[in-house]
Amino acid sequence: MKILFIGDYSNLHACLAAELRRRGHQATVVSDRCGYMATHSDIFIERKPGMAGGIKYLYKLFSLLPELKGYDAVQLINSNFLSLKPGKIKYFFDRIKGENGGTFLTLAGDDYYFVKACADAEMFRFSEFKTGNRLNEYCLENPGHMHGWISQENRKWSEYLYQEIDGAMSVLPEYDMAARGVLGDRLAFTNLPVDLSTLPFSPLDIEGKLRVFVGMRSGMETQKGTRILLETAQRLQREMPEKVEVERVSDVSLTEYLGRMRQSHLLLDQLYSYSPATNALQAMAMGVVAASGAQPEYYEYIGNPAERPIIELSPLDDDLQEHLRNYILDPSPLREMSRQGRALVEKHNDVRIVADKFIRHWEKMLGH
C-alpha cells in the first residue's frame, strides 16, 4: 500500500511509517518533526509565529499539494492536522480527500468530541480539564482553552470531518470512548505503537537512591499535571535525600530524552490520563516503572490482564505523596513491575501489532 501520514504527535506516525516501510509498503510522513523532539519527517513543514509565518506556511502547503495525491490511504493525526483555523483546514482536507483513496483520522490529542465529553463530566470521572465538575488548574489559568475546542466553529468542522472520513483509529481508550458513539464501526481501537527494537529492556537494578524522572513539555506542565507530580517528588526528595533523587527534563530531542530516562528507575508521567501514553510506554519497554494513568477502563480495553504493573496516578488520590512515598521506602516491588511492564508493552503496543490493526482497518474500510 501507499500511505500518506499528515501530522505527528510524539513519533506516533513516524513509528508506524517506519514499520510499514520494513514490510515493503510506501509511507510518507508530513510533519513538523514534533518540534523539539526532532522525530523523522519525510516532508518537513512548520508554522513560524506571526503573520509572515502564516503566509509562508500557506505558501508551503499550496506548493506541496501536487505531491500529496495518489495514495491508497491518508492518515491525519488529529482534526487539527494543520496549523490553521478550521475553515482553511477544511479546504486542504477536501483537496486531499478528492485526490487520494481513503481518508482516515488518528484519534490522538484533543478534538471537539473528546473535549466535549470532558467538559460534560459525565463519561469521565476526571480529565485534564475537570475533576468531577470542578475545573482543573490549567482551565482556570487558561479559560479560553476548553471553550475554544467546543466552540461552534470547531463543532461544525469536527462534525463535517467525522462524516467525511472513511474511518478512524483510536490510540487510547478515552479517545475511543468519546468518539465511538459518533463513528461506530468506522472506528478501530489500535493502542499506541512502540518500536521495541529501539528500546532494549534492562532489568531494574536499584542500588542506592531511587532515581525518579519527570519529563515536562513547556506550556503543558499544568495541563498534564506534571507540575504537581514534580513538586510532590521534590518534597519527597527534601524529606528523604538519602533515598531518592529527582531529575526534571524539559524540551529536548526524543533521542536525548530516552537516553536520560533510561538511567532512572521510576517515571512520573501524567496525572489526568485514564491510560499510559507514549512517554510511559517507552519507559516500560526499557524496564523503567511508570506511574501514570491506569484506570479500570484502560485494563478493560486491553483485556483485563492479571498483571497490572503501572503505578496508578489520579487526581482522585487522596494522598499522592504518601502513595509515592511507599515505593521510596520499599522499592522491592518495582523489580517485578519492571518485568511485567515490558511484557505488557510487548503484547499490546509492539509497533508490529499496532501496524497490523491499522492495515486491517484500512483494508476493511476500503473494501480490499
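Structure: see above.
Bear in mind that the values here come from a model prediction, so they are computed numbers and not experimental data. Within each chain, residues carry numbers counting from 1 in the order of the written sequence. Only residues with pLDDT of at least 70 get local features here, since the model is predicted, and only at 80 or more are side-chain atom pairs given and counted; chain-wide, interface and lining totals rely on the full set of residues. Note: side-chain values were computed over all heavy atoms of the structure, leaving out hydrogens and water.

I keep staring at the sheet that holds strand β5 (residues 102-107) and nothing clicks. Help me out?
Hydrogen bonding along the main chain pairs the strands of a sheet, whether they run parallel or antiparallel. Note on pairing: DSSP must find at least two bridges between two strands before they are called paired. Note on conventions: DSSP H or I runs of at least 4 residues are helices, E runs of at least 2 residues are strands, and numbering of each starts at the N terminus. Taking strand neighbours across the sheet as the criterion, the 7 strands line up as β3-β2-β1-β4-β5-β8-β9 in an open arrangement whose pairing is parallel. Both outer strands of the open sheet, β3 (43-44) and β9 (187-189), are each paired with one neighbouring strand and no more. For strand β1 (residues 2-6) and strand β2 (residues 26-31), the ladder comprises 5 bridges, and the chain directions are parallel. Bridging across to β2, F5 finds its partner in V29.

Honestly, the pattern of salt bridges in this entry has me stumped. Any pointers?
A side chain of one charge can pair with a side chain of the opposite charge when the charged atoms of the two come close. Salt bridge, as used here, is a side-chain nitrogen of Lys or Arg placed within 4 Å of a carboxyl oxygen of Asp or Glu. Taken as a whole and assessed by the stated rule, the structure comprises 22 salt bridges. Put simply, R22 and E19 hold a salt bridge, and the shortest N to O gap is 2.9 Å. Taken together, the residues span about one helical turn, with R22 and E19 both in helix α1 (residues 12-22) at a distance of 3 residues. With a relative accessible area of 48%, R22 lands in the partly exposed category. Accessible area is worked out with a 1.4 Å probe on protein chains only. A residue is then buried under 20% of its type maximum, exposed over 50%, and partly exposed in between. Taking the relative accessible area as the measure of exposure, E19 reaches 6% and is therefore buried. K116 is paired through a salt bridge with D120; the nearest N and O atoms lie 3.0 Å apart. Taken together, the positions of K116 and D120, both in helix α4 (residues 112-120) and 4 residues apart, correspond to about one turn of that helix.

Read these as layout, nothing more, since geometry by itself doesn't imply function.
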